[in-house]
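Here is what each chain is made of, one letter per residue.
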Amino acid sequence: MADTFRAAVVTSFDAPLDVKDVELPTPGPFEALVKVKYSGVCHTDLHAAEGDWPVKPSPPFIPGHEGVGEVVAVGDAVTRVSVGDTVGNAWLWSACGECEFCEDGWETLCLQQKNGGYAVDGSFGQYMLVDSRYCPVLPEGVDLAGAAPILCAGVTVYKGLKQTDTKPGDWVLISGIGGLGHIAVQYAVAMGRRVVAVDVDDAKLELAKKHGAEVAINAATATDAVGEIQAATGGGVHGALVTAVNGKAFPQAVSSLRRGGTVSLVGLPPEQFPLDIFSVVLNGWTVRGSIVGTRRDMDEAIGFFARGQINPTYAVEPLDNINDIFSRMHAGKIDGRIVMDMS
Ligand SMILES: [Zn+2]
Ligand SMILES: [Zn+2]
């Protein structure tokens, strides 16, 4: 093993990423060193690289939290994974394991959590460290390029759907059929939910139907989208998952709920949306945020993928394309996910 490797490094929030050689880290007691094969590129990586959020990472750092690869070395205290295992990193890179949230199985809410590609170096390079107690473990033989998007996009929508508190046979609205939404439709169908897909692009609605959506509504051309949804579902959807980054999608999803329904928010547009308190109270609606997923959610999300029920749309590109990939992401020109090949 060489003592350096190539990685895309954020050196400043105002400069392009620098693809260069960096020093190979040594795994700490609970850590594993992973030779990365593929890494997905998430919108959050772009926000990290540009320092968009209130709590900023500290350059220099390596983004990336959808990396998959092979364990090549482990620290002294590692028991959960072994050299040769296939593992990944994730946004939830580690948590404290001892706080009230961790004790409750809600490590995604741990205040001491570390985030992959943000507080700790991520997967935009040929090697990465993972915390063996928290890293996703992948079964043998899965398609690794396709598995990469499951580690953030997949688990995020899967958990978001669980958080709608719906059951098999219930209607769920998936708003926004982009990188997250097209995967959400597949999880919802695999989980036995009936899907209403909403987007402003007919091609994306066709994709949603291909993945099993029973009702597809173009919010830009429909005269009364909410009325159509209520008619098609016999009174509104039981749950809704908003992945769209269009502010109008939020009140529309809330209004499409059946009485007692829950809307789960996973997209992060910068705006706010009006919430009609009278309707929320009288209809008994729940509006809930959902952030990535716990280790159990991750295992379940990977399971659906490994059994062939989830097929993310992705394109493979080399690590050297990272700045161009970010430019296209800014321009909204990416269909599905870009997965970078590190070999
Ligand atoms: Zn992400
Ligand atoms: Zn904790």
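Values in this document were obtained by computation on a predicted structure and should not be read as measured data.

Observations concerning unusual backbone geometry
Phase 1: Of note, the amide linkage connecting Pro59 to Pro60 takes the cis form, showing an omega dihedral of 0°.
Phase 2: Mapped onto the elements, Pro60 comes out in the loop between helix H1 (43-50) and strand S4 (67-74).
Phase 3: Phi is positive for Val292, which is not a glycine, with a value near 30°.
Phase 4: Take Val292: it is sitting in the loop between strand S14 (286-289) and helix H10 (295-306).
Phase 5: A relative accessible area of 8% places Val292 in the buried class.

Things to note about the coordination of the zinc ion (ligand 1)
In ideal tetrahedral geometry, four donors around a metal make angles of 109.5 degrees, whereas ideal octahedral geometry with six donors gives angles of 90 or 180 degrees.
Phase 1: Bound to the zinc ion (ligand 1) are the protein donor atoms Cys42 (SG), His65 (NE2) and Cys152 (SG), situated 2.0 to 2.2 Å from the metal.
Phase 2: All donors of the zinc ion (ligand 1) come from a single chain, and their spacing in sequence reads C-x22-H-x86-C. Of the two residues, Cys42 sits in the loop between strand S3 (31-41) and H1 while Cys152 sits in the loop between helix H3 (144-147) and helix H4 (153-162), which places them 110 residues apart along the sequence. Each member of the pair Cys42 and Cys152 is classed as buried.

With respect to the sheet that holds strand S9 (residues 171-175)
Phase 1: If you trace the six strands from one edge of the open sheet to the other, you get S11-S10-S9-S12-S13-S14, paired in parallel fashion. Every other strand in the sheet has two partners, leaving strand S11 (215-218) and S14 as the edge strands with one partner each. Strand-to-strand twist in this sheet, taken as the mean axis angle between neighbours without regard to direction, amounts to 20°.

A few points about the coordination of the zinc ion (ligand 2)
Phase 1: For the zinc ion (ligand 2), the full set of protein donor atoms is Cys96 (SG), Cys99 (SG), Cys102 (SG) and Cys110 (SG), and the range of their distances to it is 2.3 to 2.4 Å.
Phase 2: Here the zinc ion (ligand 2) binds four donor atoms, and the angle range of 106 to 116° at the metal identifies the geometry as tetrahedral.
Phase 3: Spacing between the donor residues of the zinc ion (ligand 2) along the chain follows C-x2-C-x2-C-x7-C. Of this pair, Cys96 sits in the loop between strand S6 (92-94) and helix H2 (100-103) while Cys110 is found in the loop between H2 and strand S7 (114-115), placing the two residues 14 residues apart along the sequence.
Phase 4: Classification of Cys110 by relative accessible area gives buried; the value is 2%.

A look at the domain arrangement of the protein chain
Phase 1: Looking at the assigned domains, one finds that the protein chain contains domain 1 (4-152 + 293-341) and domain 2 (154-289).
Phase 2: Computed from C-alpha atoms alone, the centre-to-centre distance between domain 1 and domain 2 is 28 Å.
Phase 3: Of the residues lining the interface, 20 residues belong to domain 1; the matching set on domain 2 comes to 17 residues.
Phase 4: Applying the counting criterion to the domain 1 and domain 2 interface returns three salt bridges.
Phase 5: With a closest N to O distance of 2.8 Å, Lys162 and Asp297 form a salt bridge.
Phase 6: The tally of links between domain 1 and domain 2 comes to 13 residue pairs in polar contact (both at pLDDT 80 or more).
Phase 7: A per-class count over the side of domain 1 that touches domain 2 returns eleven nonpolar, six polar and three charged.

Rules of the game
Residues numbered from 1 in each chain as written. Chains lettered and ligands numbered in written order. Predicted model: local features only at pLDDT ≥ 70, side-chain atom pairs only at ≥ 80, totals over all residues. Heavy atoms only, no water. Helix = DSSP H or I, 4+ residues; strand = E, 2+ residues; numbered from the N terminus. Buried < 20%, exposed > 50% of the residue type's maximum accessible area, 1.4 Å probe, protein only. Donors = N, O, S within 2.8 Å, 3.2 Å for Na, K, Ca; no water. Pairing = 2+ DSSP bridges. Axes fitted to C-alpha atoms, helices over the stretch in contact; angles between N-to-C directions. Tetrahedral: all angles 85-135°; square planar, octahedral: opposite > 155°, others 65-115°. Domains from an automatic or database assignment. Contact = heavy atoms within 4.5 Å. Salt bridge = Lys/Arg side-chain N within 4 Å of Asp/Glu carboxyl O. Polar contact = N/O pair within 3.5 Å; in protein donor to acceptor, adjacent residues only side chain to side chain. Nonpolar A, V, L, I, M, F, W, Y, C, P; charged D, E, K, R; others polar.

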